[in-house]
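# Commentary on secondary and tertiary structure
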Amino acid sequence: MTAVEKRITLENVDMSSLLGMNDNNLKPLEERFNATLTVRGDIVIVKGVAEEVDSIEKVFREMVFVLNTTGNLKPSDVQTILDLTIQGKEIITDKEYDAIVLYTKNDIIKARTPGQQKYLDTAKKNDICFAIGPAGTGKTYLAVALAVSALKKGIVNKIVLARPAVEAGESLGFLPGDFREKIDPYLRPLYDALDDMIPSDKLRGYLEKKVIEIVPLAYMRGRTLNNAFVILDEAQNASDMQMKMFLTRLGANSKAIVTGDITQIDLPSKTVSGLVQAKEILFGIEGVGFIYFDKSDVVRHKLVKDIIDAYEKFRN
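This write-up is about the structure you can find in this document. (Residues numbered from 1 in each chain as written. Predicted model: local features only at pLDDT ≥ 70, side-chain atom pairs only at ≥ 80, totals over all residues. Heavy atoms only, no water.)

Take the pattern of salt bridges next. Within this structure, the stated rule accounts for nine salt bridges. Note that D77 is salt-bridged to K74, the shortest N-O span being 3.4 Å. Across the pair E213 and K158 runs a salt bridge whose closest N-O atoms are separated by 2.6 Å. On the criterion of sequence distance, the pair formed by E213 in strand β8 (residues 212-216) and K158 in strand β7 (residues 158-163) is long-range, its members being 55 residues apart. Here the salt bridges share partners, and the residues they tie into one network are K158, E213 and R223. (Salt bridge = Lys/Arg side-chain N within 4 Å of Asp/Glu carboxyl O. Helix = DSSP H or I, 4+ residues; strand = E, 2+ residues; numbered from the N terminus.)

So, about the sheet that holds strand β3 (residues 43-49). Spatially, β1-β3-β2 is the arrangement adopted by the three strands of the open sheet, whose pairing is antiparallel. Single-partner strands in this sheet number two, and they are β1 (3-9) and β2 (36-40). Averaged over neighbouring strand pairs, the angle between their axes works out to 15° when direction is ignored. Bridge analysis of β1 against β3 gives seven bridges, and the strand direction is antiparallel. Within β3, the residue paired with A3 across the bridge is V49. The sheet strands contacting helix α3 (residues 50-70) are β1, β2 and β3, and the helix crosses β3 at an angle near 150°. (Pairing = 2+ DSSP bridges. Axes fitted to C-alpha atoms, helices over the stretch in contact; angles between N-to-C directions. Contact = heavy atoms within 4.5 Å.)

It is worth spelling out the pairing of β3 at this point. Judged from the five bridges that link them, β2 and β3 form a sheet pairing that is antiparallel. Residue pairing for β3: R40 is matched across the bridge by I43. Where β2 hands over to β3, the hairpin turn is made up of two residues, of which G41 adopts a positive phi near 65°.

Turning next to the packing of aromatic side chains. Within the structure shown, the criterion is met by four aromatic pairs. For the pair F130 and F290, a centre-to-centre distance of 4.7 Å together with 10° between the ring planes defines the contact as stacked. Of this pair, F130 sits in strand β6 (residues 128-132) while F290 sits in strand β11 (residues 288-292), placing them 160 residues apart in sequence. Under the relative-accessibility criterion, F130 is labelled buried at 0%. Residue classification places F290 among the buried positions, given a relative accessible area of 14%. Through a chain of ring-to-ring contacts, the aromatic side chains of F130, F283, F290 and Y292 assemble into a single cluster. (Phe/Tyr/Trp six-rings, centres within 6.5 Å; stacked < 30°, edge-to-face > 60°. Buried < 20%, exposed > 50% of the residue type's maximum accessible area, 1.4 Å probe, protein only.)

The next subject is the nonpolar core. Counting 38 residues, the largest nonpolar core has Y119, L194, M197, F229 and I257 as its most contacted members. Of all the elements, helix α7 (residues 139-153) adds the most residues to this core, at nine residues. Filtering out sequence-adjacent residues up to four positions away, M197 remains in contact with L102, T104, I109, Y141, V144, A145, V148 and K152. In terms of nonpolar packing, the next biggest core, distinct from the first, is built from 30 residues, V13, V46, V53 and F60 among them. (Core = buried A, V, L, I, M, F, W, Y, C linked by side-chain atoms within 4.5 Å.)

Here we take up the side chain of S239. Within the fold, S239 resides in the loop between β9 (228-232) and α10 (240-247). We classify S239 as buried; its relative accessible area is 14%.

Turning our eyes to something else, we now look at the sheet that holds β8. The strand order β8-β7-β9-β10-β6-β11 describes an open sheet built from six strands, whose pairing is parallel. Looking at the sheet topology across the chains shown, the edges are occupied by β8 and β11. On average, adjacent strands in this sheet sit at an angle of 15° to one another, irrespective of strand direction. Sheet analysis places β7 next to β8, joined by five bridges and oriented parallel. When the sheet's bridge partners are listed, A162 is paired in β8 with V215.

Turning to helix α11 (residues 274-281), a few remarks are in order. Those residues of α11 that fall on the buried side of the exposure criterion are G274, L275 and A278. Taken around the axis of α11, the buried residues stretch over an arc of 95°, which confines them to a single face. (Arc of directions from axis to C-beta.)

Take a look at the structure:
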């Protein structure tokens, strides 16, 4: 039979833990299959007959899944995965594996509604993606997960998260503390999302080295961001000029996601929302994608959908 070669890229995994001490987790595969395996970084090159190559790819995907969900992987675990694969049984299907955005310390982040899956597909396909919809639809959380995943894979070397510091019902001047202490409450949801996805000590290092920055939108002025994943959250509260300023910060090999809810604009009545305006100005430009969520995409407490529905009925 004709031999084939396949390069398997293993994402969202610590390769040393996956391979085991002295590559012990590879030995069960080498004993079971005639194919040859070569590991280079996060890529496994497999040469052998097509059927074996396909089986080995499935085994590696399940090894990644078991390691990331249990925190451990031993040769005996690999042996069990091999036995199940040869019997035609799966721990996780290819479709389920491909849907995973990021493994966290407590969970797996993936699309949970058709709208969220469309969001992920749109964000991956375009350099700029606008995600517009009500609270609780995962707009910000999935955007941060995509950014962290891109950072882990080496696709980008920096993440910048920005929010407009709009005084929604209270004056910053009357809040206690220095400017950072005044502004932190506006940025807290971004810190919370990152804290879910990155171990605390590693996140602290990223923040100290400015590999990850969380800043008020005004701090973006004058910058050019190369090799970066940039997120603008609560974009409905960015003015038209601020939106233009943000979008023109993108440099080479950078991506941006803009999230917001146009039903919750806190700007002064005569100020144009940059998010509302961008829907009209940028629609149809190649490389810019728009995704719209509705209450069916809400993934918070079940009452959130009912609350959104009640407010919609009240407005109408």
